[in-house]
Every structure is written in structure tokens, then in C-alpha cells.
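# Fold and contact review
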Amino acid sequence: MTAFSDQRTLFKAYDIRGERRLFTTEFMTALSHALARYFVKYANANHVVIGFDARHHSETLARHMASSFKAHGCEVIWLGLVTTPLMAFWANQYQGHGVIATASHSEPHINGLKWLINSQSPSSEQIQQLYQQLISNQSNDEDKIEGKDINTAIPKPNKSLPKQIILSHQEVLNPYINKAVEALDSINESRLKLTTSTHKPYIERTGSKLKIVVDCLNGSTGLFAEDFYQAHPNLCSEVIILNANVDGDFPKGNPDPMEYNRLHELSAAVLHHKADLGLSFDGDGDRLMVVDSRGQPLVADHLLYLLSRVAIEDHFASGTCSHSNCCTPTVIFDVKCSHHLPSLINQAGAEAQMSKTGSSILRRALQSNKDGTDSHNLFAGELSGHFIFNDDHFLLHDDAMYAGLRLLNWLHHQPMTLADVIDTLPQMVSTPDVYLPLADYSYSVSQDTAVPDVAPDSQPILNRLSALCQKLQDNIKDLPHSLPADTRLTCIDGLRLDFSHGFGIIRSSNTSNSLTVRFAGDSLSDLTQIQGYFVHLCQSISEDLANQVANIRVNQ
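Residues numbered from 1 in each chain as written. Predicted model: local features only at pLDDT ≥ 70, side-chain atom pairs only at ≥ 80, totals over all residues. Heavy atoms only, no water.

## Details of the packing of helix α5 (residues 169–193) against helix α11 (residues 400–412)
As a packed pair, α5 and α11 sit with axes 11 Å apart at the nearest point and diverge in direction by 30 degrees. It follows from the interaxial angle that α5 and α11 lie roughly parallel. The way α5 lies across α11 gives a crossing that is right-handed. Taking contact as the criterion, the partners of Tyr-176, Ala-180, Ala-183, Leu-184, Ile-187 and Asn-188 in α5 are, on α11, Met-401, Tyr-402, Leu-405, Arg-406 and Asn-409. Considered class by class, the residues forming the contact of α5 with α11 number 8 nonpolar, 2 polar and 1 charged. (Axes fitted to C-alpha atoms, helices over the stretch in contact; angles between N-to-C directions. Helix = DSSP H or I, 4+ residues; strand = E, 2+ residues; numbered from the N terminus. Parallel < 35°, antiparallel > 145°, perpendicular 65-115°, else oblique. Left-handed = near helix turned anticlockwise from the far one by under 90°. Contact = heavy atoms within 4.5 Å. Nonpolar A, V, L, I, M, F, W, Y, C, P; charged D, E, K, R; others polar.)

## Some thoughts on helix α2 (residues 58–71)
Here α2 is 14 residues long and its end C-alpha atoms lie 20 Å apart, about the 20 Å a rise of 1.5 Å per residue gives. For α2, the complete set of buried residues consists of Ser-58, Leu-61, Ala-62, His-64, Met-65, Ala-66, Ser-68 and Phe-69. The inward-facing, buried residues of α2 contact α1 (25–43), β2 (47–52), β3 (75–81), β4 (98–101), β5 (110–116) and β8 (164–166). (Expected span 1.5 Å × (residues − 1). Buried < 20%, exposed > 50% of the residue type's maximum accessible area, 1.4 Å probe, protein only.)

## Looking at the packing of helix α3 (residues 84–91) against α5
At a minimum axis distance of 11 Å, the contact between α3 and α5 shows a crossing angle of 85 degrees. Regarding the angle of α3 to α5, the classification is roughly perpendicular. For the pair formed by α3 and α5, the contact residues are Leu-86, Phe-89 and Trp-90 on the first element and Glu-171, Val-172, Pro-175, Tyr-176 and Lys-179 on the second. A breakdown of the residues in the contact of α3 with α5 according to their chemical character gives 6 nonpolar, no polar and 2 charged.

## Regarding the pairing of strand β21 (residues 502–508)
In terms of burial, β21 is a largely internal element, 7 of the 7 residues being buried. Alternating positions in β21 separate into two faces, Gly-502, Gly-504, Ile-506 and Ser-508 on one and Phe-503, Ile-505 and Arg-507 on the other, with burial throughout. Taken together, the 5 bridges between strand β20 (residues 495–499) and β21 define a ladder with antiparallel strand orientation. By the bridge assignment for β21, Asp-498 is matched with Phe-503. (Pairing = 2+ DSSP bridges.)

## As for the sheet that holds strand β14 (residues 351–355)
Read across the open sheet, the 4 strands follow the order β14-β13-β15-β16; overall the sheet is mixed. The sheet is open, and its two edges are formed by β14 and β16 (387–389), each paired on a single side. Within this sheet the neighbouring strands show an average axis-to-axis angle of 20 degrees, counted without direction. Pairing geometry for strand β13 (residues 330–334) and β14, over 5 bridges, is parallel.

## Some details on the packing of aromatic side chains
Following the criterion strictly, the structure yields 20 aromatic pairs and no others. Centroid distance Phe-379 to Phe-387: 6.5 Å. Interplanar angle 15 degrees. Geometry classified as stacked. The class for Phe-379 is buried, based on a relative accessible area of 0%. Aromatic pair Phe-389 and Tyr-402: ring centres 5.8 Å apart, planes at 80 degrees, arrangement edge-to-face. Here Phe-389, found in strand β16, pairs with Tyr-402, found in helix α11; they are 13 residues apart in sequence, far enough to count as distant. On the accessibility criterion, Phe-389 (3% relative accessible area) is buried. Each member of the aromatic cluster is reached from another via a ring pair, and the members are Phe-89, Trp-90, Tyr-176, Phe-228, Tyr-229, Phe-281, Phe-379, Phe-387, Phe-389, Phe-394 and Tyr-402. The ring centre of Phe-389 lies 4.3 Å from the NZ or CZ of Arg-406, which sits over that ring. (Phe/Tyr/Trp six-rings, centres within 6.5 Å; stacked < 30°, edge-to-face > 60°. Lys NZ or Arg CZ within 6 Å of the ring centre and 35° of its normal.)

## Overview of the nonpolar core
Residues Tyr-229, Leu-277 and Leu-288 are the most contacted members of the largest nonpolar core, which totals 86 residues. Of all the elements, helix α8 (residues 300–317) adds the most residues to this core, at 10 residues. The contacts of Leu-288, once residues within four sequence positions are left out, are Leu-279, Ser-280, Phe-281, Leu-303, Leu-307, Gly-385, Phe-387, Ala-400, Ala-403 and Gly-404. Membership of the second largest hydrophobic core comes to 38 residues, among which are Ile-16, Tyr-38, Ala-66 and Trp-78. (Core = buried A, V, L, I, M, F, W, Y, C linked by side-chain atoms within 4.5 Å.)

## With respect to the state of the cysteines
Counted according to the given criterion, the structure contains 1 disulfide. Paired through a disulfide, Cys-469 and Cys-491 show a sulfur-sulfur distance of 1.8 Å. Taking the torsion about the sulfur-sulfur bond, which here is approximately -100 degrees, the covalent link between Cys-469 and Cys-491 counts as left-handed. Within this pair, whereas Cys-469 is found in helix α13 (residues 461–474), its partner Cys-491 is found in the loop between β19 (488–490) and β20, the two being separated by 22 residues in sequence. Looking at Cys-469, the relative accessible area reads 3%, which means it is buried. On the basis of relative accessibility, which here comes to 25%, the residue Cys-491 falls in the partly exposed class. (Disulfide = S-S within 2.5 Å.)

## Focus on the side chain of Thr-102
Relative to the elements of secondary structure, Thr-102 occurs in the loop between β4 and β5. You can call Thr-102 buried: its relative accessible area is 0%. Beyond its immediate sequence surroundings of up to four residues, Thr-102 is in contact with Asp-53, Ser-58, Thr-84, Gly-112, Leu-113, Lys-114 and Asp-284.

## A word on the sheet that holds β8
The strand order across the open sheet formed by 6 strands is β1-β5-β4-β2-β3-β8, and the pairing between neighbours is mixed. At either end of the open sheet lies a strand with only one pairing partner, and these are β1 (16–19) and β8. Neighbour-to-neighbour, the strand axes of the sheet open up by a mean angle of 15 degrees, direction not taken into account. Docked against the sheet, α2 engages β2, β3, β4, β5 and β8, running at close to 165 degrees with respect to β2.

Below, the structure written as C-alpha cells:
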């Protein structure tokens, strides 16, 4: 058996993540050296920032990383327990190289690892290449440093050991807070200077400081959120923090604000304190959900639209475009978002562009080169709560605390409350983003792998889903169950169908061994009809899958 064959499943599309039992000492040692070697070989790294999240065992994994990077000649800047955006912020100060031991919003028994090289997340192909290098290095001489085994390598007498710089909590936090303060100062200065524009300017609300409730879900943001928002006294009249104690057991549930019922405590606190709104962050601080003053969680599509509108209005207020016809910004959203979103983005003054799901995919799209005449990729977001501003005010990373701050700043200058703004948006009925577990054999072949010539029942489900999408592309009417004439098909990430009054999607999860499914309609009857189309289509893939899709219900 190949060394670390059991760990193959840890290497996901975005990161390394999986059962804690698979992170053995032997594996962590080999992985940390393979990753350090990769940083040095492909990025010529000589500095790296390293941190860890609130999970049990994350610090152990991070310390393995620090030891290996030093052994490979890198100076380590040790951040301690931080959020993923804080790691990214500090990576930008040191060549763009950073590593954090985190499993984000996953269950407590899951561990993981994320990293940046030159401020960019790895692609799925690069993550798989790392695994291949890991297993090949177990049996060749590359596991040696200057002729010595990686576990016993000692610098030569005339060569000093690379340093490890340990930053205190305040040393980590203060520059980050200062940068956020500078960002809002710059944004608001541009707004105040705006005198004429073809776009509607901000309208001042008198004395509109906001009382907010923040739920950290026992994750890493608990160490930072209160100081972060209290640094903006002109915005926040009061900051009430829930579940700030960092606890790797996550006693009240997974640190995932998207989970059904996970926002109940925040909603109750907003009502109890008569707050203007509530913010909730996931375990490593890169995902945001919001509750309005009525205690109602915002539909994720509406939150994405509002944040994109924040970015668009601030962009035009900045006056950076001398010719609006050549610099209309683009807002990128993922395939799981609703059918209303593109038109809302267009009405706000931007072009709407659909993308594959994945925060790292969105970041790479924003980081792509552009010249002065191209449409500017201004903002990106996805249904799961990752939101990224690309307006040069702050960090180009999905940062939940900063996204919440930008929303607060925008609301501070609006004539309506958040609840009133939400009431102006198109209403719809939707299912949550439902995860349907796949059997192990169904996940053994990727969507991009050619399907062998075998009986249909033995083909992995993902391949059959891909084949169905291809068949629909070839002739969307060539199916036993006719679809409406105005059906629009998208196959960039799974199978998505848009209709005049709703949409549906079924795709492979990038972070778990599951399919994800979502339906939305302008009414419950619209949703039910769309769900019926997908049930029938899934019967050609798997009867069991079709039954699972049929049993999906709208959360009440």
C-alpha cells in the first residue's frame, strides 16, 4: 500500500481537511516538510507567517509547520491563534506567504490546513500535486536537506538557524484594526467629496450610530471582534458579543452560521437588546451571516447583493472612472445564488458574472490582471457567506469582520434601516443549500476524469451527472420529460437550470463527500415545479438520488 494512502481523501479542492485521526505525527511531519519544500522551490520563500484556529490539534499542526519551514531556511513569523483573514493580512507583509491550521466551519473532529503563496490560494491541481510529491518523497532522496534526513537536519556551524518571530496578540491585531480604520476614512472622504454623479449619492442619516450584536460561535473571531468594532465609535453605539470564548469543542454546534437554526441565539439577542442588526462569523472568520432588527436572518443572496451594492456605490463615489462606459465594474457570484441576483446587480450599476463555487476561485478571478479599459472585477461573493472587496481599500480576501464593517458603514448613511432595505428586494422561497452524502465509490472518480466504458449502474454518480449536463447541452429538449422553452442551462459547476420564476442546481461539494442541491422560486409552487424537474432528471442518474432530491423541504 502507498504511504499515506489513507490521507488521500484529505486533499480537497480548496485545502487539506478531514478526520483528525488521519493527522498522525508521521503524516504531519511529512506534510509540513513537503509544503515547506514547495514554498522554497516554487516561490523562493524566505519568510512565512503561521497561525492556527480554535480547534483542538490545530496548534500542534501549526508547530509542525513552523519547525519544517525553519529547517528549510525560512524565517517564521508566529501569529498564534488567529482568523484566516488575519493570517492573510500578515502574509501580505511578508512576501504573501502564509499558512494556517484550520478546518473553517467544519465539525469539531475535523482538522485542516490552508495556505497562501504570493497571496494566492492553491488551485485544486496544485493541491493534488502536493499529495503526489508527498508520497513520492517518502522513497527518494528529496527528503534530505544538505545530505541529512529532514527530521535530523542541523545547520552547518557557520550558518545560523532561521529565526522565529513571535508576535503578541496586540502586535497581531493593532495594524489590522488601523488598516480597517484607514479604509473607512478613505471611503467616507470620497463620499463627502462627491458633489455630482450619475449614480445616486449617499444620503446622511442623522445620529445613526448602530447597536450591534456579534456571535463568534466560539471560533477564532472571539479574540478580535469586540476590539475591531469598538475601534469605530462613530458607527457603533454599542457592541454586544456572544460566544467570544474560544472553544474547540464548539459546544453549541458547528461554527457554521449557514447551518439551519444556528442563528437562533443571535436572533433572540438582537430582539432582546433592541439592536439594529446582528453579525455572525464562522470558525476561522472568513464567512458572514447577518440578522436584521426583526431577528430575521438575511437570505444569503440578499446579503451578497447588499454587499455588492456597497462596493458599487463606494466605487462610483470614489470618482476613479473618468469614462463610465469603459469602467463599469463587474460583480462575480457563484452558481448557487438565486435567479434574481444578476438583475439586481445590473440595476445597481455593475455587470453580473456567474462563477464556479469556491472562495479561492473567486479570489483568483479578482486578482487577475486588468487594464484601464477592461471591466473591473470589483466584488465577489458566494452563497456560503464568503465576500471579497477588490477596491484597494483593504485586504483582497474573504474577511467576515471587514465585510460586516463595510455593511455597517453603508447602513450608517442610508435613510432606511436594514430591515426596510430588505423589504424592497424581490421575495422568493428557497431551500437551504442541502448536502446529500455520496457513497465512497461515487466519489472515486472526479468530474473531469473520463468515464470508462462500463455499465451505467457502476459509473460514479458525479460522472453520470456530468454526462447528463452534456446531454442537455447537446439538446435540452431531447429528454423524456420536457422542460420549458425558456429554460437556461449552465454546466460550469454541476448542473444548473434557470427558469422564468426560479432556478435549481445540483453539484459536487468541494469540501465534503457530498452533492449540494438548492432550489428557489418566486412562490412555493414555482419551487415545487422546479424540484420536480430535477427529480425526474436525477432518475437517469440514480433512483436513490432522485428520492433524496424529492425529499428536500423548505425550512419554515
